[in-house]
Amino acid sequence: MRWEGICEFVAVAEAHSFTTAAGRLGISTAQVSRQVRELEERLGSKLLYRTTRKVSLTEDGQLFYRHCRQVLDGLDEAERAVSSLKNEPRGLIRMTAPVTYGEQYVMPIVLEYMQQFPQVEVQCELTNQQLDLVQGGFDLAIRLGVLPDSSMMARKLAERVQYLVASPEYVSRHGAPHSLSELSRHQCLLGSLPFWRFQEEGKLRSLKVKGRLSCSSGNTLLAAALAGMGIAQLPGYYVDEAIRDGRLLVLLKPFQEPKEGIWGLYPHNRQLSPKIGHLMNMLAGKLPKA
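Residues numbered from 1 in each chain as written. Predicted model: local features only at pLDDT ≥ 70, side-chain atom pairs only at ≥ 80, totals over all residues. Heavy atoms only, no water.

So what about the pattern of salt bridges? Which residues, and what values?
All chains considered together, the criterion is met by 12 salt bridges. Here R160 ties to E260 by a salt bridge, and the two come within 2.8 Å at their closest N and O atoms. With R160 in strand β6 (residues 152-160) and E260 in strand β13 (residues 260-267), the pair connects residues that are 100 residues apart, well separated along the chain. Of the charged contacts, one joins R205 and E200 as a salt bridge, the two residues approaching to 2.8 Å between their closest N and O atoms. Classification of R205 by relative accessible area gives partly exposed; the value is 34%. You can call E200 partly exposed: its relative accessible area is 28%. Connected via shared salt-bridge partners are R160, R197, E257 and E260. (Salt bridge = Lys/Arg side-chain N within 4 Å of Asp/Glu carboxyl O. Helix = DSSP H or I, 4+ residues; strand = E, 2+ residues; numbered from the N terminus. Buried < 20%, exposed > 50% of the residue type's maximum accessible area, 1.4 Å probe, protein only.)

Okay, here's the thing in structure tokens:
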């Protein structure tokens with residue numbers, strides 16, 4: 001009885017939503033709500049504030065959550081310790097990866113991994129948002145490029161190169177830039193950030209650019225560049241084929257920034273279990289190198 005409602009309460013506290021918590025646990029929203037309500041009745045204390053828009057923790061709920069999280073983390077560690085004795089990957093992996101890179105490169109390797117280790121289950125959220133691993137209950141995140149300072153543990157799995165590209169048609173109409181300052185006279189196809197990164201005289205430089213199109217989809221920027229609408233800065237896995245067959249030209253090669261890392265991140269307070277360690281080894285061995 002003392003365990004009933006604990007997992008449901010922690011899931012709601014971390015998701016700030018009964019519906020999202022139910023999805024993560026694989027049960028109904030009504031069941032989550034009932035378990036949390038019965039837990040509050042047993043404790044004789046209100047743990048959550050409920051509104052139509054958001055769920056938040058009361059002061060008692062914050063205290064109870066911290067203790068429950070420690071207990072559940074300890075249980076996870078105990079299960080991983082027993083599992084590691086057999087050294088056979090098993091159990092659930094919750095992971096996240098960027099959409100396009102995840103679809104093209106990460107998930108095919110994950111599927112191969114699951115075939116090799118049939119005792120492993122995977123829940124993967126493909127999103128370009130940088131989700132909080134601890135709050136979201138994720139075991140692993142694939143991140144691209146420069147990592148912000150954080151408490152996460154990181155392992156470099158591969159590298160990527162950013163190319164500045166335009167179609168031959170665009171270059172024939174507007175010319176090719178020969179310096180970074182000339183980019184201000186060109187149509188730049190922007191991603192989610194308003195600047196591009198270069199290397200100039202041995203130093204990294206972020207240059208603010210502008211243009212008519214701004215889109216967080218790399219495939220959309222690739223299509224616009226192929227259509228002659230402007231210049232794009234995209235990783236090699238978007239443009240390698242188009243560069244090889246001449247549909248895109250590489251511009252400003254002397255200013256190309258150094259290779260960036262492709263990383264596997266996991267929470268520092270979680271022992272690297274066999275299932276995560278084996279998966280990262282496979283990713284490191286099979287992800288395309290820059």
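Tell me about the environment of L164, and name the residues and values.
Considering the arrangement of structural elements, one finds L164 in strand β7 (residues 162-166). L164 gets classed as buried once you look at its relative accessible area, which sits at 4%. Put simply, L164 and P274 are 110 residues apart on the chain and 40 Å apart in space, counted from C-alpha to C-alpha.

Account for the sheet that holds β7, naming residues and giving values.
In spatial order, the strands read β8-β11-β7-β12; together these four strands make up an open sheet with mixed pairing. Looking at the sheet topology across the chains shown, the edges are occupied by β8 (188-189) and β12 (249-250). In terms of strand pairing, β7 meets β12 through two bridges, oriented antiparallel. By the bridge assignment, V165 is partnered in β12 with V250. (Pairing = 2+ DSSP bridges.)

Outline the nonpolar core, listing residues and values.
Looking at soluble globular proteins, one finds that nonpolar side chains tend to be buried together. In terms of nonpolar packing, the biggest core is built from 38 residues, with M95, Y101, V106, I142, L279, L283 and L287 touching the most fellow members. Contacts of V106, omitting those with residues within four sequence positions, involve M95, Y101, I142, L283 and L287. Membership of the second largest hydrophobic core comes to 19 residues, among which are A11, A21, A22 and V55. (Core = buried A, V, L, I, M, F, W, Y, C linked by side-chain atoms within 4.5 Å. Contact = heavy atoms within 4.5 Å.)

So what about the packing of aromatic side chains? Which residues, and what values?
Counted under the stated rule, the structure contains six aromatic pairs. Ring centres 5.5 Å apart and planes at 45 degrees place the aromatic pair F9 and F64 in the tilted group. Of this pair, F9 sits in helix α1 (residues 6-15) while F64 sits in helix α4 (residues 59-86), placing them 55 residues apart in sequence. Three or more aromatic residues joined by ring pairs form one cluster here, namely Y101, Y105, Y237 and Y238. Here the basic side chain of R94 rests over the ring of F138, its NZ or CZ set 4.5 Å away from the ring centre. (Phe/Tyr/Trp six-rings, centres within 6.5 Å; stacked < 30°, edge-to-face > 60°. Lys NZ or Arg CZ within 6 Å of the ring centre and 35° of its normal.)

Give me the pairing of β13: which residues, what numbers.
Counting buried residues along β13, seven of its eight residues qualify, which places the element largely inside the surrounding structure. Relative to β13, strand β5 (residues 140-144) is paired through four bridges, and the arrangement is antiparallel. Bridging across to β13, L144 finds its partner in I262. Taken together, the eight bridges between β6 and β13 define a ladder with antiparallel strand orientation. Opposite A154, over in β13, you have L265 as the bridge partner.

Now, about the sheet that holds β5: what can you tell me, with residues and values included?
One open sheet accounts for five strands, arranged β4-β3-β5-β13-β6; its pairing is mixed. Across the chains shown, the open sheet's two edge strands, defined by having one partner strand only, are β4 (120-126) and β6. Going from strand to strand, the sheet's axes swing by 20 degrees on average, the running direction of each strand aside. Taken together, the two bridges between strand β3 (residues 91-97) and β5 define a ladder with parallel strand orientation. Bridge pairing in β5 links T96 to A141. (Axes fitted to C-alpha atoms, helices over the stretch in contact; angles between N-to-C directions.)

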